[in-house]
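What the coordinates show
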Number of protein chains: 2
Amino acid sequence: MYGEVISQGTVTSPRGFVAGATYVGLKTRGENLLDLGILYSQVPCGAAGIFTTNRVKAAPVTVSQLHLANGQPRAIVVNSGCANACTGQEGYDNAMEMAHLTAHKLGLRPVDVLVASTGVIGVQLPMDKIRQRLPLIAESTNGGHELARAIVTTDTYIKEIAVSFQVDGCTVTIGGIAKGARMIHPDLATLLSFLTTDAAVEPQFLMTALREAADASFNMATIDGDTSTNDSLILFANGLAGNNPIQAATPAAAVFVGALTEVCVHLAKLVARDGEGATKLIEVLVTGAESLQDARIGARTIASSMLVKSAVHGNDPNWGRILAALGRSGAAMREGLTDVFIGETALMRGGTPQVFDHQAAVALLSRETVQLKVDLHLGPYQATAWGCDLSEEYVTFNSDYTT
Amino acid sequence: MYGEVISQGTVTSPRGFVAGATYVGLKTRGENLLDLGILYSQVPCGAAGIFTTNRVKAAPVTVSQLHLANGQPRAIVVNSGCANACTGQEGYDNAMEMAHLTAHKLGLRPVDVLVASTGVIGVQLPMDKIRQRLPLIAESTNGGHELARAIVTTDTYIKEIAVSFQVDGCTVTIGGIAKGARMIHPDLATLLSFLTTDAAVEPQFLMTALREAADASFNMATIDGDTSTNDSLILFANGLAGNNPIQAATPAAAVFVGALTEVCVHLAKLVARDGEGATKLIEVLVTGAESLQDARIGARTIASSMLVKSAVHGNDPNWGRILAALGRSGAAMREGLTDVFIGETALMRGGTPQVFDHQAAVALLSRETVQLKVDLHLGPYQATAWGCDLSEEYVTFNSDYTT
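Residues numbered from 1 in each chain as written. Chains lettered and ligands numbered in written order. Predicted model: local features only at pLDDT ≥ 70, side-chain atom pairs only at ≥ 80, totals over all residues. Heavy atoms only, no water.

Focus: the pattern of salt bridges
Residues and elements named next belong to chain A. Per the counting criterion, the structure on display carries 14 salt bridges over all chains. Salt-bridge contacts for Asp112 lead to Arg109; the nearest nitrogen and oxygen are separated by 2.9 Å. Asp112 gets classed as buried once you look at its relative accessible area, which sits at 8%. (Salt bridge = Lys/Arg side-chain N within 4 Å of Asp/Glu carboxyl O. Buried < 20%, exposed > 50% of the residue type's maximum accessible area, 1.4 Å probe, protein only.)

Points about the packing of aromatic side chains
As enumerated under the stated definition, the model contains one aromatic pair over all chains in all. Centroid distance Phe205 of chain A to Phe256 of chain A: 6.5 Å. Interplanar angle 50°. Geometry classified as tilted. You can see Phe205 of chain A sitting in helix 5 (residues 203–215) and its partner Phe256 of chain A sitting in helix 6 (residues 251–273), a full 51 residues away along the chain. What makes Phe205 of chain A buried here is its relative accessible area of 4%. It is Lys373 of chain B that lies over the ring of Phe341 of chain B; its NZ or CZ is 4.9 Å from the centre. (Phe/Tyr/Trp six-rings, centres within 6.5 Å; stacked < 30°, edge-to-face > 60°. Helix = DSSP H or I, 4+ residues; strand = E, 2+ residues; numbered from the N terminus. Lys NZ or Arg CZ within 6 Å of the ring centre and 35° of its normal.)

Section: the sheet that holds strand 8 (residues 170–179) of chain B
Residues and elements named next belong to chain B. Within the open sheet, the six strands sit side by side as 1-7-8-9-10-4. Their pairing is mixed. Strands at the two margins of the open sheet, each flanked by one partner only, are strand 1 (4–5) and strand 4 (46–51). Bridging between strand 9 (residues 192–197) and strand 10 (residues 232–237) involves six bridges; their strand directions are parallel. Looking at strand 10, one finds that Leu195 is bridged to Leu235. Against the sheet, helix 1 (residues 59–70) makes contact with strand 4 and strand 10, and its axis sits at roughly 145° relative to strand 4, the strand it touches most. (Pairing = 2+ DSSP bridges. Contact = heavy atoms within 4.5 Å. Axes fitted to C-alpha atoms, helices over the stretch in contact; angles between N-to-C directions.)

Quick look at the packing of helix 8 (residues 306–313) of chain A against helix 9 (residues 320–328) of chain A
All names here are of chain A. Two elements in contact, helix 8 and helix 9, have axes whose closest approach is 9 Å; the angle formed by their N-to-C orientations is 160°. As summarised for this structure, helix 8 and helix 9 are arranged roughly antiparallel, according to the angle between their axes. Of the two elements, helix 8 crosses helix 9, and the hand of that crossing is left-handed. From helix 8, Leu307, Val308, Ser310 and Ala311 reach across to helix 9, where they touch Arg321, Ile322 and Ala325. (Parallel < 35°, antiparallel > 145°, perpendicular 65-115°, else oblique. Left-handed = near helix turned anticlockwise from the far one by under 90°.)

A few points about helix 4 (residues 144–151) of chain B
Those residues of helix 4 of chain B that sit buried are Gly144, Leu147, Ala148, Ala150 and Ile151 of chain B. Seen from one end, helix 4 of chain B has its buried residues packed into an arc of 165°, which puts them on one side. (Arc of directions from axis to C-beta.)

Examining the sheet that holds strand 15 (residues 369–375) of chain A
All names here are of chain A. Read from one edge of the open sheet, six strands run 14-13-12-15-11-16, paired in mixed fashion. Two strands close off the open sheet at either side, each with one partner strand: strand 14 (352–353) and strand 16 (381–388). As paired elements, strand 13 (residues 345–349) and strand 14 share two bridges and run antiparallel to each other. Across the sheet, residue Arg349 finds its bridge partner in strand 14, namely Thr352. Those strands touched by helix 6 are strand 11 (281–289) and strand 16, and its axis lies near 40° from that of strand 16. Helix 9 rests against strand 12 (339–342), strand 13 and strand 15 of the sheet, and its axis sits at about 55° to strand 15.

Some remarks on the state of the cysteines
One pass over the structure, following the stated rule, counts zero disulfides over all chains. In this model Cys82 of chain A remains outside any disulfide bridge; the closest cysteine sulfur is found in Cys86 of chain A, 11 Å from its own. You can call Cys82 of chain A buried: its relative accessible area is 3%. The closest cysteine sulfur to the non-disulfide-bonded Cys45 of chain B is located on Cys264 of chain B, 16 Å from its own sulfur. Exposure remark for Cys45 of chain B: the relative accessible area of 13% places this residue in the buried category. (Disulfide = S-S within 2.5 Å.)

Notes on unusual backbone geometry
Residues and elements named next belong to chain A. The backbone of Gln8 shows a phi angle near 55°, a positive value even though the residue is not glycine. Position of Gln8 among the secondary structure elements: in the loop between strand 1 (4–5) and strand 2 (17–22). One non-glycine residue, Asn315, lies in positive phi territory at about 55°. Note on placement: Asn315 falls in the loop between helix 8 and helix 9.

Looking at helix 7 (residues 292–304) of chain B
Residue and element names in this part refer to chain B. Under the 1.5 Å per step criterion, the end-to-end length of helix 7 is 18 Å for 13 residues, consistent within 8% with the ideal 18 Å. Within helix 7 the residues assigned to the buried category are Asp294, Ala295, Gly298, Ala299, Thr301, Ile302 and Ala303. In this fold, the buried residues of helix 7 make contact with strand 11 (281–289), helix 8 (306–313), helix 9 (320–328), strand 15 (369–375) and strand 16 (381–388). (Expected span 1.5 Å × (residues − 1).)

Following this line, the structure appears as structure tokens:
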């Protein structure tokens, strides 16, 4: 571990970050609902973002990319319950107005505000209510928990963490929140995740660090193979920790990327475990790959196979499905060299089926976290992917989302 | 239509083809079971094959590829209930022995016999029973129906067709059977399909024709995104119709490819409709694409989206999911130009959501065949893909296949 986990840590644990949320009426199920929130650095800060690769991009994604390119973002306004995607010019104008309203409230330029939305596609935002409620949001240093609640939709729990570690004798903190649950797939494997740090980080390296952390975490998490129109991963760094700005290829950079990756992996696993209808976390380790790319694509393809996910759901040690998914992944492999494991139990070695204790395998598959492992025996690279089982509830849930 | 459908037509409808099947005990559910069969041209013939792209290939696939390269195959032996995949050297030896047993029975060289298997992965074939039962198979000109039954596993109905048409004043017939139901995805979108024709076809063009027909049919059908280790599509042409051998780039070639494609599309739709747990056929038409490749990848991605499949299952006109799947497909598109339809009802036009009759859309989604259409307004190309809805039964079924 690079960082020490902070008890009840969240996105406002790093110095100088405040957040708050309110209820606009976009979400209708549950109690004590929150669906509109703001995250804000009280001092100017650096920002980096990674967004959906879908050619259909929601209006808030377009606005955020524009503002990251042209402004110095230090705030984000976010709503859940409505994706503001496939909403044409009116949707774009509404996303832009959310940035304006937030800028006005915080005394910033609109170009310094990012926008994020999640929820149903093809529906316009109720801007009259947002105009009424947004100015009433009360930001505080404890507001990260509220914001984490405000961004979830069908998630069954909120996802937040903060860790601290030393850089130059200064205590640096990284905090993060995420929401997931549906349309979760590389790249990007989360609908929304906001990360904050009080570290001082050289601006270009900030983006490098975020990309590295995302590639080993959110981009290795998969639920259903669909890619959202709204995926947004944002990292703010405001420098209040007082360290010298972290530069690429230094010991401090390694520690920072390591801790940032830990935060992202923690959130990505929480997202994968909370797939709609999921009852288990599936952790797939591919070792012995010829390249990192091979290890990653192999692990991800296994973790996203509907047949593997169904088998894990039913505690069925049907290991042929693991090998079949690997075989279609594109990763270099030779069947005659390949080992397949559930937990520590070998089901195939060197391409030959092994006699194994069926009851023991079923027991391993019945755990809350199911570990599948493949050793390709071709090289030194390895990667881990996270997914969840596929249950009948996933289908039931997704059969009547808008109706 | 290029060809006229023959009543009760099957793979033995073309002249000179015989088939038969028997019961070895590989399948255990149901009555009147058949699980081992032979298809055979009584005269020497041309053969072409397309096989799984999975790097993990079942032993029978390896043997068939070897025999197509080195022999003049005119027979195929096939079993269901056991895939003979991931079975190491013993599995390879067993597949080879099936070719030898069949060759001995029919008076052929082993290299003139192809082998196919489908069923559970990682289990060895019961060769003692196959040695006993295989010689007892009785081939007949009506045996195609038995063979069609012998190759199915979890299919809920058998899949067969034959069509006839004129070439050079000769009546030519093409017959085909298929089995699908699970692990169905491009490429190749069927586990097993065997096609026969009494047309005389120039050998190189036979492979071209099969590839063209497969690209517009089996490779446009999808059930769950997994690709089998055993996919095999075989076409035999024995020339008994008496036409001049069909050459590439002639009118006769166009008719032959057209009719072959009709046969393959018919079988591919039967396969898609029979996805495990499926209650509907989904037909996705993408028009206005910049390239055929774009049209195909767009249609296939929509047809295979778990969120689209779930929405169709629940009669939910959640059209944003159609657009989101298209957006991640890789097909060139511009959201502001794109139209989305369910049947003839426009849900989005030019990137703007349309007011539509919700009840009418639900009614269109409730049909046995659900038609989704996207017009990209970018070019002249179009393609159709076939899939099925995702039901709770798919998960239930796939949760305990081996246990």
